[in-house]
Amino acid sequence: MMRTYSVTTQLVLLAILPLAVMFIGLTLFHAHNRNVLLDEQFEARVHDLSRGLAARATQSMLAGDQEALDVLALEMLRESNIYGLRLADPMGDPLVKRGRGPKSALAGDLSFVFVPLCIPVPGEDSYQRIGEAWIWFDLRPVNAIKRQGFWQAMALAVLLALVVGWSAWRLATRILRPMRESLEAMRRIGHGIGGVRVAEDADNELRQLQRGVNLLASALEDQDRLREEAHHHDLARERAEQAKAVRTLFLAHMSHEIRTPLSALVGFMHLLQREHAEQPLSLRSQQYLEAMEQSARHLGELIGDILDFSRIESGKLELRSVPFSAIRLMDEVAVELAERARAKGLFIDVVSFLDVPERVESDPLRLRQVLLNLLSNAIKFTPQGGIVMRLMLE
């Protein structure tokens, strides 16, 4: 199963790995170039020493000076990097041997150079071999310099990688801190925790992320508040509808309960009028009977208004459309309220224009209620003079 690394670790690795590869590559390239330069310098030194040795050894051998050969060998051993030296005649028999040869314990760190000692043959285009020289060079100082340079370059590469890694870690921490805070805020918002906010202290596009989280938290809180207010409104509307339904039911039952005895009362009054049709009542009794009939009629109108009110609240009021005479309806309304107008010293006139048709279609009962209310208010609020009811087309 593949291991999951944190975002910070991934960013640091993303910054370090390419640079580490580049630093190692540059280190190896620098070490290789330095080793090549050291090898070239070493070869040049070997060449110079070999030429010098060949020239002096040739002269000494021609002169047969063994002591000069010994002195030359000692001088060569004093040179750095020379580990051993052997001078021999043309047959390979050693003349001078100084230092140590290839059979020593450092054979793996030695390099040898074979130098033939020759002189030109007079009159011929050839050389005569008069001897040979073997020189063993110690490679340890050169190899030590190579290793030292390599490890110095590697140390520098590691140091640079650490510096880059530390810088990348600081930068990643600075970048990821607002992201972590935003993610934590989103987690708390997801768990329904209110009042969650993040500090808008980032210096770049991350500040927009922080501002977006705060705006989201504010929007969710507003949405929760609106949802709660809507829930309260729904409860209030439901309670109001329940109260309206109870009130409508109460008004309907109350109107029914009042209308039943009222209908009986009106019936008895009609029976009383019918019994005394041939034997009229006294004037006072007739006035009492008319007052009772008017009061009963008024009470019936009130009950009708109550029922209409309950129907309007419940949305069940229906208007009829039947043909009737509008002029006759206005006359009946005026006659019905004429006594009240005369009691205040007012007159009521009904004016109908000629273009008004004889019959119209509407709800005569509702129109009668409207006209009665308007005319009653006109009588109530008119101190003197009269009231004119006009019927016209528009």
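This structure is a prediction, so every number in the text was calculated from the model and none was measured.

All right, on to the packing of helix 6 (residues 326–336) against helix 8 (residues 364–381) then. Relative orientation and spacing of two packed helices are given, respectively, by the angle between their axes and the distance between those axes. Where helix 6 meets helix 8, the closest approach of the two axes is 10 Å, and the angle between their N-to-C directions is 40 degrees. Classified by the angle between their axes, helix 6 and helix 8 sit oblique to one another. Considering how the two elements wind past one another, helix 6 and helix 8 form a crossing that is right-handed. Residue-level contacts link Leu 329, Met 330, Glu 332, Val 333, Ala 334 and Glu 336 of helix 6 to Pro 364, Leu 367, Arg 368, Leu 371, Leu 372 and Leu 375 of helix 8. Along the lines of polarity and charge, the residues of the contact of helix 6 with helix 8 split into 9 nonpolar, no polar and 3 charged.

Note on pairing: side chains with opposite charge can pair once their charged atoms come close. Inspection of the entire model under this criterion finds 12 salt bridges. The partner of Arg 368 in a salt bridge is Glu 332, and the shortest N-O contact between them spans 3.2 Å. In this pair, Arg 368 is assigned in helix 8 and Glu 332 in helix 6, connecting sequence segments 36 residues apart. Take Arg 368: its relative accessible area is 23%, and that puts it in the partly exposed class. Accessibility expressed as a relative area gives 34% for Glu 332, which makes it partly exposed. Of the charged contacts in the structure, one is a salt bridge between Arg 368 and Glu 336, with a shortest N-O distance of 2.5 Å. Highlighted residues: Arg 368 in helix 8 and Glu 336 in helix 6, separated in sequence by 32 residues.

Our next topic: the side chain of Glu 132. Mapped onto the secondary structure, Glu 132 falls in strand 4 (residues 127–138). With residues up to four places along the chain from it excluded, the contact list for Glu 132 reads Arg 86, Leu 87, Ala 88, Asp 89, Gly 92, Phe 114, Val 115, Pro 116 and Leu 117.

Right, let's get into the nonpolar core. By size, the foremost hydrophobic cluster in this structure holds 24 residues, and its most contacted members are Leu 53, Met 76, Leu 87, Leu 117 and Phe 137. Of all elements in the fold, only helix 1 (7–63), helix 2 (66–78), strand 1 (82–88), strand 3 (110–120) and strand 4 reach the threshold of two or more residues within this core. Excluding its chain neighbours within four sequence positions, the residues that come into contact with Leu 53 are Leu 72, Met 76, Leu 85, Ala 133 and Ile 135. By size, the runner-up hydrophobic cluster in this structure holds 18 residues, among which are Leu 329, Met 330, Leu 346 and Leu 372.

Our next topic: helix 2. Taking 1.5 Å of rise per residue, 13 residues should cover 18 Å, and helix 2 covers 19 Å from first to last C-alpha, within 8% of that figure. By the burial criterion, the buried members of helix 2 are Leu 69, Leu 72, Ala 73 and Met 76. Taken end-on, helix 2 shows its buried residues confined to a sector of 100 degrees, consistent with a single buried face. Those residues of helix 2 that are exposed and aimed more than 90 degrees away from the buried face are Glu 67 and Arg 78. One side-chain oxygen at the N-terminal end of helix 2 lies 3.2 Å from the backbone nitrogen of Glu 67; it belongs to Asp 65.

Parameters at a glance
Here the residue numbers are simple positions, counted from 1 along each chain's written sequence. Where totals are concerned, whole chains, interfaces and linings use all residues; where local detail is concerned, this predicted model gives features only for residues with pLDDT of at least 70, and gives and counts side-chain atom pairs only at 80 or more. The side-chain values count all of the structure's non-hydrogen atoms but skip hydrogen atoms and water molecules. Lines are fitted to the C-alpha atoms to define the axes, a helix being fitted only along its stretch in contact, and any angle between axes, read from their N-to-C directions, falls within 0 to 180 degrees. Elements are defined by DSSP. Helices are runs of H or I of four residues or more, strands are runs of E of two residues or more, and each kind is numbered from the N terminus. Should an angle fall under 35 degrees it is called roughly parallel, over 145 degrees roughly antiparallel, and 65 to 115 degrees roughly perpendicular, with every other angle called oblique. By convention the crossing between two helices is left-handed if the near helix lies anticlockwise of the far one by an angle smaller than a right angle, and right-handed if it lies clockwise. When checking whether two residues touch, look at their non-hydrogen atoms; a contact exists if any pair is within 4.5 Å. Residue type decides the class: Asp, Glu, Lys and Arg count as charged, Ala, Val, Leu, Ile, Met, Phe, Trp, Tyr, Cys and Pro as nonpolar, and the leftover types, Gly among them, as polar. For salt bridges, the criterion is a side-chain nitrogen of Lys or Arg within 4 Å of an Asp or Glu carboxyl oxygen. Per-residue accessibility, obtained with a 1.4 Å probe over protein chains only, is compared with the maximum for each type, and a residue is labelled buried under 20%, exposed over 50%, and partly exposed between these values. Residue types Ala, Val, Leu, Ile, Met, Phe, Trp, Tyr and Cys, when buried and joined through side-chain atoms within 4.5 Å, form a set referred to as a nonpolar core. To estimate how far a helix should extend, the number of its residues minus one is multiplied by 1.5 Å. Regarding the arc, it is the one traced by the directions from the helix axis to the C-beta atoms. Definition of a polar contact: a pair of N or O atoms within 3.5 Å, with one able to donate and the other able to accept a hydrogen when the atoms are protein atoms, and with sequence-neighbouring residues admitted only if both atoms are side-chain atoms.

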